[in-house]
2 protein chains.
Amino acid sequence: MLTLYDYLESGNGYKCRLLLAQLGLPFRLVLKDILKGETRTEEFLRLNPNGRIPVLVLEDGRALAESGAILCYLAEGTPFLPEDRFARAQALQWIFFEQYSHEPNIAVARFWRHFVWAERKDDPYWQRALDERMQRGHQALEVMQRHLTGHDFFAAGRYSIADIALYAYTHVADEGGFDLAAYPAVRAWLDRVADQPGHVLITQADFS
Amino acid sequence: MLTLYDYLESGNGYKCRLLLAQLGLPFRLVLKDILKGETRTEEFLRLNPNGRIPVLVLEDGRALAESGAILCYLAEGTPFLPEDRFARAQALQWIFFEQYSHEPNIAVARFWRHFVWAERKDDPYWQRALDERMQRGHQALEVMQRHLTGHDFFAAGRYSIADIALYAYTHVADEGGFDLAAYPAVRAWLDRVADQPGHVLITQADFS
């Protein structure tokens, strides 16, 4: 059986959980507490030298890290990854957009506010750093709003791993302080994604 | 003919130029000055709503953004993208690692020092922000050093787009203030990449 090393609050892990659930693939969920350094042990670094969840471990023990790579691996040969060469590259374009321009701002702002803000809030450096992430997060939401004005989904005209990748942190953007009121096309798309068959919540931990 | 919208100093653009050259694919290079906002015009945003180079435009006018997606698109069906499903996912793992954990630190430190440091160097906020990027950049180099101790390349045991993705900013890391002396396996790998047939320099602008 597949094993997913994960942290339940993580949107990056949630992407993998959501796809595994929608593919109907059984898997064992092993939770690691990233706040306690459980992904920086020598044992974990043998799975992922970058010391981060999620990591997917195959039955034969081979390990794969990076949510975008895990999504592509799992989706291959399924309707979640377009067959057409250009459409597949478009899906990848949006998954890379998420990791470079969206997650480092929207997910990081959420992480800071959730876990470390009490100790940082009086430091002008962190206040300015958060302001910067908020500004860039809104830029990413504007890019999504622009694309979704005229498109129902991000690639190939249908639900794919590009939507899963972008849904994970967008649907909890409010926890990072982002108000989605100014992005109606994004909100309508969030509803379309949540309506897909087999959808699960980010908090779901039982996949047995 | 393919068209690549690019900026010559960009390692992200260089990844595409290097692969195109090694594939022997002719292309038209259209340089955009990112410092003058030339990628934020309405015309450019129609190619990439995220307003960034590189963008690859196919003969039929369809546009693809994000260096990682362009690499995968161009490499498909060639020896630069492994055929085996798991090996292909491993290549993707390292391309995502580069975009999330490497480029935002090593490339951004280089960009700041090259282009904006004169106006930022007396601001304690930017000094601390640079220190943080430097620290994370060294963490990324340590991850590479760890992997390359025992592996000649990043995926599938041979030169692939994973190596191209990581080479682009690692080989100019010194311009960001990173000393590679502590990473001998990384330096040996840089030499192996530079020795590949058809290698071109980041400064090469003439591909006719």
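Everything numeric in this text was worked out from a predicted model, so none of it was measured.

Caption draft 1: Highlighting helix 1 (residues 11–23) of chain B. Residues and elements named next belong to chain B. The end-to-end C-alpha distance of helix 1 is 18 Å, a good match for the 18 Å that 13 residues give at a rise of 1.5 Å each. Buried within helix 1 are the following residues: Gly-11, Asn-12, Gly-13, Tyr-14, Lys-15, Cys-16, Arg-17, Leu-18, Leu-19, Leu-20 and Gln-22. Packing partners of the buried residues in helix 1 comprise strand 1 (2–6), strand 2 (27–31), strand 3 (55–57), helix 3 (67–75), helix 4 (85–120) and helix 6 (161–170). One or two positions beyond helix 1, positive phi appears at Gly-24, with a value near 70 degrees.

Caption draft 2: Fine view of the interface of chain B and chain A. Between chain B and chain A, the contact holds 28 residues from the first and 28 residues from the second. Residue assignment for the side of chain B that touches chain A shows that the elements contributing at least two residues are strand 4 (63–65), helix 3, helix 4 and helix 5 (124–148) of chain B. Looking at the side of chain B that touches chain A, the element that brings in the most residues is helix 4 of chain B, giving 12 residues. The residue makeup of the side of chain B that touches chain A, split by class, is 15 nonpolar, 7 polar and 6 charged.

Caption draft 3: The packing of helix 4 of chain B against helix 5 of chain B, seen in detail. Residues and elements named next belong to chain B. Relative orientation of the contacting elements helix 4 and helix 5 amounts to 150 degrees, with a least axis distance of 8 Å. In terms of orientation, helix 4 lies roughly antiparallel with respect to helix 5. When the axes of helix 4 and helix 5 are compared, the crossing they make is left-handed. Seen from helix 4, the contacting residues are Ser-101, His-102, Asn-105, Ile-106, Val-108, Ala-109, Trp-112 and Arg-120; seen from helix 5, they are Trp-126, Leu-130, Arg-133, Met-134, Arg-136, Gly-137 and Ala-140. Of the residues contributing to the contact of helix 4 with helix 5, the split by class is 8 nonpolar, 4 polar and 3 charged.

Caption draft 4: Molecular detail of the packing of helix 4 (residues 85–120) of chain A against helix 3 of chain B. It is at 8 Å that the axes of helix 4 of chain A and helix 3 of chain B come closest, and there the two elements cross at 160 degrees. As judged from the angle between their axes, helix 4 of chain A and helix 3 of chain B are roughly antiparallel. The chirality of how helix 4 of chain A crosses helix 3 of chain B is right-handed. Residue-level contacts link Arg85(A), Ala89(A), Leu92(A), Gln93(A) and Phe96(A) of helix 4 of chain A to Gly68(B), Ala69(B), Cys72(B) and Tyr73(B) of helix 3 of chain B. Looking at the contact of helix 4 of chain A with helix 3 of chain B residue by residue, the classes come out as 6 nonpolar, 2 polar and 1 charged.

Caption draft 5: Expanded view of the nonpolar core. Leu19(A), Leu71(A), Ile161(A), Leu19(B), Leu71(B) and Ile161(B) are the most contacted members of the largest nonpolar core, which totals 109 residues. Ignoring sequence-local partners within four residues, the contact set of Leu71(A) consists of Lys15(A), Cys16(A), Leu19(A), Ile95(A), Ile161(A), Ile164(A) and Ala165(A).

Caption draft 6: Summary view of the pairing of strand 1 (residues 2–6) of chain A. All names here are of chain A. Bridge count for strand 1 against strand 2 (residues 27–31) is 5 bridges, and the pairing is parallel. Bridged to Thr-3 within strand 2 is Arg-28. Read from strand 1 through helix 1 (residues 11–23) to strand 2, the crossover connection turns out right-handed. In terms of strand pairing, strand 1 meets strand 3 (residues 55–57) through 3 bridges, oriented antiparallel. For Tyr-5, the partnering residue across the bridge sits in strand 3 and is Val-55.

Cut-offs applied
- Residues numbered from 1 in each chain as written.
- Chains lettered and ligands numbered in written order.
- Predicted model: local features only at pLDDT ≥ 70, side-chain atom pairs only at ≥ 80, totals over all residues.
- Helix = DSSP H or I, 4+ residues; strand = E, 2+ residues; numbered from the N terminus.
- Expected span 1.5 Å × (residues − 1).
- Buried ≥ 20, exposed ≤ 12 C-beta atoms within 10 Å, placed from the backbone.
- Contact = placed C-beta atoms within 7 Å.
- Nonpolar A, V, L, I, M, F, W, Y, C, P; charged D, E, K, R; others polar.
- Axes fitted to C-alpha atoms, helices over the stretch in contact; angles between N-to-C directions.
- Parallel < 35°, antiparallel > 145°, perpendicular 65-115°, else oblique.
- Left-handed = near helix turned anticlockwise from the far one by under 90°.
- Core = buried A, V, L, I, M, F, W, Y, C linked by C-beta atoms within 7 Å.
- Pairing = 2+ DSSP bridges.
- Right-handed = clockwise from strand over helix to strand, strands pointing away.

Bear in mind that shape data such as this cannot, by itself, settle questions of function.
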